[in-house]
Amino acid sequence: KAGVTQTPRYLIKTRGQQVTLSCSPISGHRSVSWYQQTPGQGLQFLFEYFSETQRNKGNFPGRFSGRQFSNSRSEMNVSTLELGDSALYLCASSPGTPGSGAFFGQGTRLTVV
Amino acid sequence: QKEVEQNSGPLSVPEGAIASLNCTYSDRGSQSFFWYRQYSGKSPELIMFIYSNGDKEDGRFTAQLNKASQYVSLLIRDSQPSDSATYLCAVTRSGGYNKLIFGAGTRLAVHP
C-alpha cells in the first residue's frame, strides 16, 4: 500500500508570495490533517479535512487555508508569506475514525526568504 | 503549562538497556495516546497507540497509560543504536477527531 505522498519536497519562496502544497493520502483514508513543524514551536496542528469538509482547525491566521477533493487528496495554501512561515509542513492521513492515529508524509520543507 | 509535556532529554542509555520515556498531559478529556518516532530530517512514524489504562506491548515496545495520574510512558527494551531518535508523545481529545496535540519530544541516544 502506498504511503502518504506530499509534493513538492522543497520550496523556496519570497516574502509576500503565496504557496500551495499538495498531499495524497493512503488509499482508503478519508481524513487528511496538516501540521507545521518548527524547531521553536514543535509540531502544531493546522487543520483536518474529512470528506471534503474541514472538521477541525488549529490556531493559525487566516492566511493558512486548505481544501480536500472528492478523491481525498488535499491542498494547503499559505498566502502573503512571512519569514516565520519557514517550516516543515507535514500532511497526515487517517482512516477517519476518531483516535485512529495518523500516518505522516515526508513533508514539504518551505523556506521563505 | 503546555498541554502535553515531555522531558527534552537527551536521554542516554547503553545498548541493550531499557529506555523509559515519559509524557504527561493536562486535559482529563484526552482520549487516545500515541507515540511517534522521528529520526533527524525525517517525518514522524507511528510506533504505538493506547486508549485504555494499563500496558500495551508490541515487540520491544511497551506503552503504559495511567489516566488518573495523567501520564503515558513508552518503554523500549533491548535498546539499539538504531532506536536513537526523537520520541514524540501525542494525544487526542474527546470530540477532537484526529487532531493530534504533540509534546516537544524526548531525544533518545543509545550508545554502543
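If you're wondering where the values come from, they're calculated on a predicted model, not measured in any experiment.

(A) Local environment of the packing of aromatic side chains. Inspection of every chain in the model, using the stated rule, returns 11 aromatic pairs over all chains. Here a set of aromatic residues connected by ring pairs shows up, and it is made of Tyr35, Phe45 and Phe104 of chain A together with Tyr36 and Phe102 of chain B. Lying across the ring of Phe49 of chain B, Lys56 of chain B places its NZ or CZ 3.5 Å from the centre. Across from the ring centre of Phe61 of chain B, 5.6 Å away, lies the NZ or CZ of Arg60 of chain B, which sits over that ring.

(B) Summary view of the sheet that holds strand β8 (residues 71–76) of chain B. All names here are of chain B. In spatial order, the strands read β1-β3-β8-β7-β6; together these five strands make up an open sheet with antiparallel pairing. Because the sheet does not close on itself, it has two edges, and the strands there are β1 (4–6) and β6 (54–58). Across this sheet, the average inter-strand angle for adjacent strands is 20°, counted without regard to direction. In terms of strand pairing, β1 meets strand β3 (residues 19–25) through three bridges, oriented antiparallel. By the bridge assignment for β3, Glu5 is matched with Thr24.

Parameters and conventions
- Residue numbers restart at each chain and count upward from 1, following the sequence in its written direction.
- Chain letters and ligand numbers both follow the written order, the letters beginning at A and the numbers at 1.
- Only residues with pLDDT of at least 70 get local features here, since the model is predicted, and only at 80 or more are side-chain atom pairs given and counted; chain-wide, interface and lining totals rely on the full set of residues.
- The basis for every side-chain value is the complete set of non-hydrogen atoms in the structure, without hydrogens or water.
- In summary, the pairing rule links any two rings of Phe, Tyr or Trp, Trp by its six-membered ring, whose centres are within 6.5 Å, and it sorts them by plane angle into stacked for under 30 degrees, edge-to-face for over 60 and tilted for everything else.
- Criterion for a charge above a ring: Arg CZ or Lys NZ at most 6 Å from the ring centre, at most 35 degrees from the ring normal.
- By this definition, two strands are paired if DSSP reports at least two bridges between them.
- Going along the chain from the N terminus, every DSSP run of H or I of four or more residues is numbered as a helix, and every run of E of two or more is numbered as a strand.
- For every element, the axis is a line fit to its C-alpha atoms; helices are fit only across the contacting stretch, and the angle between N-to-C directions ranges from 0 to 180 degrees.

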